[in-house]
Amino acid sequence: MLLGILFGLVNLAVAETGLNGWLRYARLPSAETLHSELPVHVLVLNSTETSPVYTAGSEVAQGIGSIFGKKCSVGYSSGYIPPDNATVIVGTIKQYASSGGLINGIPELEADGFWLNISGSEVQILGQNERGTLYGAFEYLSLLAQGNTSQIAYASNPDAPIRWINQWDNLQGGGTHGSVERGYGGPSIFFENGTVKSNLTRAAQYARLLASIGINAVVVNNVNANESMLTAPIMDGLKRIADVFRPYGVQLGISLYFASPQALGELDTFDPLDGAVIEWWHNRTDQIYKRIPDFAGYLVKANSEGQPGPLTYNRTLAEGANLFARALQPYGGVVMFRAFVYDSQNLNESYWKDDRANAAVQFFNGLDGQFEDNVVIQVKYGPIDFQVREPTSPLFAHLQQTSSAIELEITQEYLGQQCHLVYLPPLWKTVLDFDMRVDSQPSLVRGIVSGQRFNRTLGGYAGVANVGTNQTWLGSHLAMSNLYAFGRLAWNPRLDPASILQDWIRLTFNSDPTVLDTITSMSMESWPTYENYTGNLGIQTLTDILYAHYGPNPASQDNNPWGQWTRADANSIGMDRTVWNGTGFAGQYPPQVAVMYENISTTPDDLLLWFHHVPYTQHLQSGQTVIQHFYDAHYAGAANAQTFPSRWATLKSKIDDQRYEEVLFRLTYQAGHSIVWRDAINNFYFNLSNVPDQAGRVENHPYRIEAESMDLSGYTPYTVSPWNVASGGVAVVTTSNTTVGTASTTLSSITSGTYDVAVNYFDMAIGRSHWQVYLNDQLIGQWIGDSDLTLGHSPSNYIDGHSATRITFPGIQIQKGDVLKIAGTPDGIEPAPLDYISILPEGVVD
Ligand code: GCU
């Protein structure tokens, strides 16, 4: 007993990096009591080491050994099945039947599906194919690792055949590694020095994680693709990646650069109807399949954001997609053709009817039915670009004779870049469960992409994951719930986000009720919380869309060439997307949905500003005005984010220290950055509208002392742009690159007592400044500005909403008349920028 307790303590103390994600197979507290109910042997019906069935067998034996501390032997047989007790049989239905197994009573399975029959220590894991067997093995292990040893028998089939991950990895750009566009977990696990990495251990580990959630293919390179993907050395390297993926049933795909034949200097055209171009693509495709016989297919971003495409030659998007589809057909490959097509050159906000949201349906107009059968149109969930809330893309309703897949962003580009906790499935469900009412019939998006609604055989899910070399994969332990949930939802979109999350928590941490409740409640609140302090009522994430897509900058949301607009002026805000008076976007939906959005009174509050341009004083269905809702939501969101660190702190002794500390660091950062967001947005709209906050909070900060109002020596005031990301619009910076600046103040009007001292400053990526806080010359805290390295969000070289941040020193005893001083030591060209300090009585947030 004592030993058991000691072991428990030792286990908790072991540092966990996160590398194993949810596949830790951690020892269960009750492990030994379950030994008699467990198998002792795994019988694998395929002895080829690279086969997924072989992987499944090894994984089961390893998992049982690790979860229960009980040895489980593995044997291989492609013939006779011995009638052993306590055996897990692992194979395909076909292998099982030809080994003499009885398949009566096992329901017919679909591709990739499996049959799992657990009868005490006798277990059957039988897949429709090799991959399905591996999925069944992972499902069995997931049950065991969660302490579930019940007797069950069921078949499980995926909802859709396409369950792909997209990685936006570049061949170069991340030091010696390839960079990852919109990746916040470090550089590429696939590429280095312009070619495929020699060590592909991480690629194999990634395939293992993905197989465990039913993912069957990965497109390994950026949609903004490079023609060198199709050169012989890279294709040879891709073969090596495919080889390490194969034992996990994960197929490899690549993104194509449409103009490759020309860019490689092999042809002088890339016209998709040109005979030489057609031959070129057939030839290259043959070369790929020679190396990778199970190659999954191509992903194509064409005529979008500077990428060339068929429209360059006045050919249709269908003619462009079919070029690749025909080259892939002999091999059974698929073209994922992206619907993210728009013309950023010709959008002009001074035209009331210009609207990027209209682009996809317009560009694909009339093409339904013209695509080859192995083309799948990959559609982002909303009509613009992965915003904190968007209506469902209407294109799903228009593709009835064409397969479609939904593109979801697992990487949190516009949703806090893994530095803010945002559990995404509740957002994804708003789209998957949305009923398009095509022909006034039930038409859920999940039914459309699975192929069921319009009788398509292809379709499904593409998740932009963008993991990197960081041991946590995504840069944040908690963000991994999004990757996990993506796979689970792609397999079964009817699942409840909270129950998926709880499986993930038990597997990633443990089953302690406090751990389970705390992470569940924080995660389930996290998307509404983030939406509250970023962009409300369908206005989109009010971030800086011209730069990092991270911190606040609502001004950048107008007069930009990207067509992401709010049309905010002194009196009113929102895009008028009605048919009667606006851009007409609402009319792209089937009639029953169109009529709902056309009318203000039937448009849900959370999409009001997406569809309508209204005065700030417009009343919502909730009864509140638009502007007061903005103020209240921003305060509520930031207030809730303040609770995350202390809620997490209740888990201190319940999970390992490394992950505890790393998560706490991020949640504390988020709490501070949420205040930056809150104030930047509220100040901006208050300044624009002149409508005061009914609660008197906006621009009224009784606990703050502005740095520029302190006694400065070696520091000088600096007018910040955008003004609204600094308190009072002004910060202070050191007067030279080499000398220390000080800002001091006498706390003469304070009541003596205990306070939290919060310091708001800017941590740019151009240096590692050092700040020290003194109370009466006694050091009470110091830090170095290197969070751009530790946090991994898009770095900023400026004093702006991305670099703005806060550090808090809790429980400081302060006497009336004490002198508070901050000394900032610049580094390189980073001038130790300082915004303000807040002296906060217990429980106050400002
Ligand atoms: C967004 C993102 C880009 C990406 C593009 C796409 O605009 O910011 O980095 O290339 O989407 O999905 O193609």
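A quick note: this is a predicted structure, and the numbers were derived from the prediction, not measured.

So, how was this worked out
Residues numbered from 1 in each chain as written. Predicted model: local features only at pLDDT ≥ 70, side-chain atom pairs only at ≥ 80, totals over all residues. Heavy atoms only, no water. Helix = DSSP H or I, 4+ residues; strand = E, 2+ residues; numbered from the N terminus. Rg over C-alpha atoms; globule rule 2.2 N^0.38 Å. Buried < 20%, exposed > 50% of the residue type's maximum accessible area, 1.4 Å probe, protein only. Contact = heavy atoms within 4.5 Å. Domains from an automatic or database assignment. Buried area = accessible area lost by both parts, 1.4 Å probe. Salt bridge = Lys/Arg side-chain N within 4 Å of Asp/Glu carboxyl O. Polar contact = N/O pair within 3.5 Å; in protein donor to acceptor, adjacent residues only side chain to side chain. Nonpolar A, V, L, I, M, F, W, Y, C, P; charged D, E, K, R; others polar. 1 Å grid on protein atoms, 1.4 Å probe; cavity = no way out; pocket = protein on both sides within 12 Å on 5 of 7 lines; lining within 4 Å. Points joined across faces, edges and corners; volume = space filled by probe spheres on them. Pairing = 2+ DSSP bridges. Axes fitted to C-alpha atoms, helices over the stretch in contact; angles between N-to-C directions. Core = buried A, V, L, I, M, F, W, Y, C linked by side-chain atoms within 4.5 Å. Near = heavy atom within 4 Å. Areas by Shrake-Rupley, 256 points an atom, 1.4 Å probe, with all protein chains shown as cover. pLDDT = per-residue confidence, 0-100. Parallel < 35°, antiparallel > 145°, perpendicular 65-115°, else oblique. Left-handed = near helix turned anticlockwise from the far one by under 90°. Expected span 1.5 Å × (residues − 1). Bend = angle between axes of the 7 residues up to and from the residue. Phe/Tyr/Trp six-rings, centres within 6.5 Å; stacked < 30°, edge-to-face > 60°. Lys NZ or Arg CZ within 6 Å of the ring centre and 35° of its normal.

1. Regarding the overall build of the protein chain
In step 1: When its secondary structure is counted, the protein chain shows 21 helices and 31 strands.
In step 2: Since a compact globule built from 846 residues should have a radius of gyration of about 28 Å, the 28 Å found for the protein chain is in line with a globular shape.
In step 3: Within the protein chain, the proportion of its 846 residues that are buried is 61%.
In step 4: Partitioning the intrachain contacts of the protein chain with sequence separation of at least 6 by distance along the chain shows that 73% fall at a separation of at least 24.

2. With respect to the environment of V53
In step 1: Position of V53 relative to the elements: it lies in helix α2 (residues 52-68).
In step 2: Exposure remark for V53: the relative accessible area of 0% places this residue in the buried category.
In step 3: It is 20 Å that separates the C-alpha atoms of V53 and T201, two residues lying 148 residues apart in sequence.
In step 4: In this structure V53 touches V44, L45, N46, V90, G91, T92, Q95, E130 and T133, once residues within four positions along its chain are discounted.

3. Describing the domain arrangement of the protein chain
In step 1: Under the domain assignment, the protein chain is made up of domain 1 (2-156), domain 2 (162-495), domain 3 (509-575 + 613-698) and domain 4 (704-841).
In step 2: Averaged C-alpha coordinates put domain 2 and domain 3 at centres separated by 29 Å.
In step 3: Contact residues are listed per partner, giving 35 residues for domain 2 and 43 residues for domain 3.
In step 4: In total, domain 2 and domain 3 occlude about 3,400 Å² of area from one another, counting both sides; carbon and sulfur atoms represent 58% of this.
In step 5: In terms of surface lost to domain 3, no three residues of domain 2 exceed E349, H420 and L421, which account for 22% of the buried area on that side.
In step 6: The tally of links from domain 2 across to domain 3 stands at one salt bridge.
In step 7: The salt bridge involving R389 is made with E531; its shortest N-O contact spans 2.6 Å.
In step 8: Across the contact surface, domain 2 and domain 3 share 23 residue pairs in polar contact (both at pLDDT 80 or more).
In step 9: Taken together, the residues of the side of domain 2 that touches domain 3 sort by class into 15 nonpolar, 12 polar and eight charged.

4. Considering the layout of surface pockets
In step 1: Size it by volume and the second largest pocket reaches roughly 740 Å³.
In step 2: Lining the second largest pocket are 31 residues, with T668, Y669, R806, I807 and T808 positioned closest to its centre.
In step 3: Elements with a minimum of two residues in the lining of the second largest pocket: α19 (626-649), α20 (657-689), β26 (753-762), β28 (778-784), α21 (787-791) and β29 (804-814).
In step 4: In terms of residues, the lining of the second largest pocket owes the most to one element, α20, which gives seven residues.
In step 5: Per-class residue counts for the lining of the second largest pocket are 16 nonpolar, 10 polar and five charged.
In step 6: Here the lining of the second largest pocket spans two domains, since at least three of its residues come from each of domain 3 (509-575 + 613-698) and domain 4 (704-841).

5. Points about the sheet that holds β28
In step 1: Ordered in space as β22-β25-β30-β27-β28, the five strands form an open sheet in which the pairing is antiparallel. Two strands close off the open sheet at either side, each with one partner strand: β22 (711-713) and β28. Across the sheet, the mean angle from the axis of one strand to that of its neighbour is 15°, orientation sign disregarded.
In step 2: Bridge count between strand β25 (residues 741-746) and strand β30 (residues 819-825): six bridges; the pairing is antiparallel.

6. A word on the pattern of salt bridges
In step 1: The final tally for this structure, using the stated rule, is 36 salt bridges.
In step 2: Taking the shortest distance from any N to any O, the salt bridge between D606 and R389 comes out at 3.2 Å. In this pair, D606 sits in the loop between α17 (591-598) and α18 (608-611) while R389 sits in the loop between β16 (375-380) and α11 (395-398), placing the two residues 217 residues apart along the sequence.
In step 3: Given the relative accessible area of 30%, D606 is considered partly exposed.
In step 4: Judged by relative accessible area, which is 14%, R389 ranks as buried.
In step 5: Put simply, E16, R24, D656 and R659 are held in one network by salt bridges that share partners.

7. Comments concerning unusual backbone geometry
In step 1: The linkage connecting S721 with the following residue, P722, adopts the cis geometry, with an omega of 0°.
In step 2: Considering the arrangement of structural elements, one finds P722 in the loop between β23 (715-719) and β24 (730-734).
In step 3: Even without being a glycine, N193 presents a positive backbone phi close to 45°.
In step 4: Overall, the relative accessible area of 55% leaves N193 in the exposed class.
In step 5: Positive phi outside glycine occurs at D777, with the angle close to 70°.
In step 6: For D777, the location among the structural elements is in the loop between β27 (770-775) and β28.

8. What to know about the nonpolar core
In step 1: I254, L483 and W648 are the most contacted members of the largest nonpolar core, which totals 206 residues.
In step 2: Aside from chain neighbours lying at most four places away, what touches W648 is L478, F509, T518, I519, M522, I655, R659, Y660, V663, L664 and L667.
In step 3: Counting 25 residues, the second largest nonpolar core, distinct from the first, contains A743, I750, V773 and I839.

9. Remarks on the site of the ligand
In step 1: Inspection of the region around the ligand gives 13 residues, with E181, K301, R338, K380 and E413 positioned closest.
In step 2: Interatomic distance of 2.4 Å between a side-chain N/O atom of E181 and an oxygen atom of the ligand.
In step 3: A distance of 2.7 Å separates an oxygen atom of the ligand from a polar atom in the side chain of D385.
In step 4: In the complex, 96% of the free accessible area of the ligand, which totals 310 Å², lies under the protein chains.

10. Comments concerning the confidence of the model for the protein chain
In step 1: Taken residue by residue, the protein chain gives an average pLDDT of 96. The fraction at 70 or more is 98%.
In step 2: Mean pLDDT per element in the protein chain: helix α1 (residues 2-13) is the minimum at 43, and strand β12 (residues 217-219) is the maximum at 99.
In step 3: This model gives residues 1-13 a pLDDT under 50, and the stretch forms five contacts once residues within four places in sequence are excluded.

11. Observations concerning the packing of helix α15 (residues 497-508) against helix α16 (residues 513-533)
In step 1: Between α15 and α16, whose axes approach to 10 Å, the crossing angle comes to 135°. Taken together, the axes of α15 and α16 are oblique relative to one another. Judged by the twist between their axes, the crossing of α15 over α16 is right-handed. In contact with P497, A498, L501, Q502, W504, I505 and R506 of α15, α16 contributes V515, L516, I519, T520, S523 and M524.

12. Remarks on the sheet that holds strand β7 (residues 162-166)
In step 1: If you walk around this closed barrel you meet the eight strands as β7-β12-β13-β14-β15-β16-β17-β18, and the pairing is parallel. Strand-to-strand twist of the sheet, defined as the mean angle between neighbouring strand axes without regard to direction, takes the value 25°.

13. Some details on α16
In step 1: If you check α16, its first and last C-alpha atoms are 29 Å apart, about what 21 residues at 1.5 Å a residue would give, namely 30 Å.
In step 2: Of all the bends in α16, the greatest, near 45°, is centred on S526, and the proline P528 appears no more than four residues after it.
In step 3: For α16, the N-terminal capping position is held by D512, with its side-chain oxygen 2.7 Å away from the main-chain nitrogen of T514.

14. Digging into the side chain of S838
In step 1: Secondary-structure assignment places S838 in strand β31 (residues 834-841).
In step 2: Among the polar contacts made by the side chain of S838, one reaches the main-chain carbonyl oxygen of D846 at a distance of 3.5 Å.

15. Regarding the packing of aromatic side chains
In step 1: The full count for this structure, using the stated rule, is 41 aromatic pairs.
In step 2: Between W22 and Y484 the ring centres are 5.2 Å apart and the planes differ by 65°, which places this aromatic pair in the edge-to-face class. One end of the pair, W22, is in the loop between α1 and β1 (41-44); the other, Y484, is in helix α14 (residues 480-491), with 462 residues separating them in the sequence.
In step 3: Using a relative accessible area of 3% as the deciding quantity, one classes Y484 as buried.
In step 4: Judged by centre distance (5.4 Å) and plane angle (85°), the rings of F585 and Y589 are edge-to-face.
In step 5: On the basis of relative accessible area, Y589 is assigned to the buried category, the value being 4%.
In step 6: Here the aromatic residues F258, F270, W280, W281, Y289, F295, Y298, Y313, F324 and Y331 are joined through ring pairs into a cluster of three or more.
In step 7: The positively charged end of R356 is found above the aromatic ring belonging to Y342, 3.9 Å away from the centroid.
In step 8: Geometry around F340 places K380 over its ring, the cationic atom sitting 3.3 Å from the centre.

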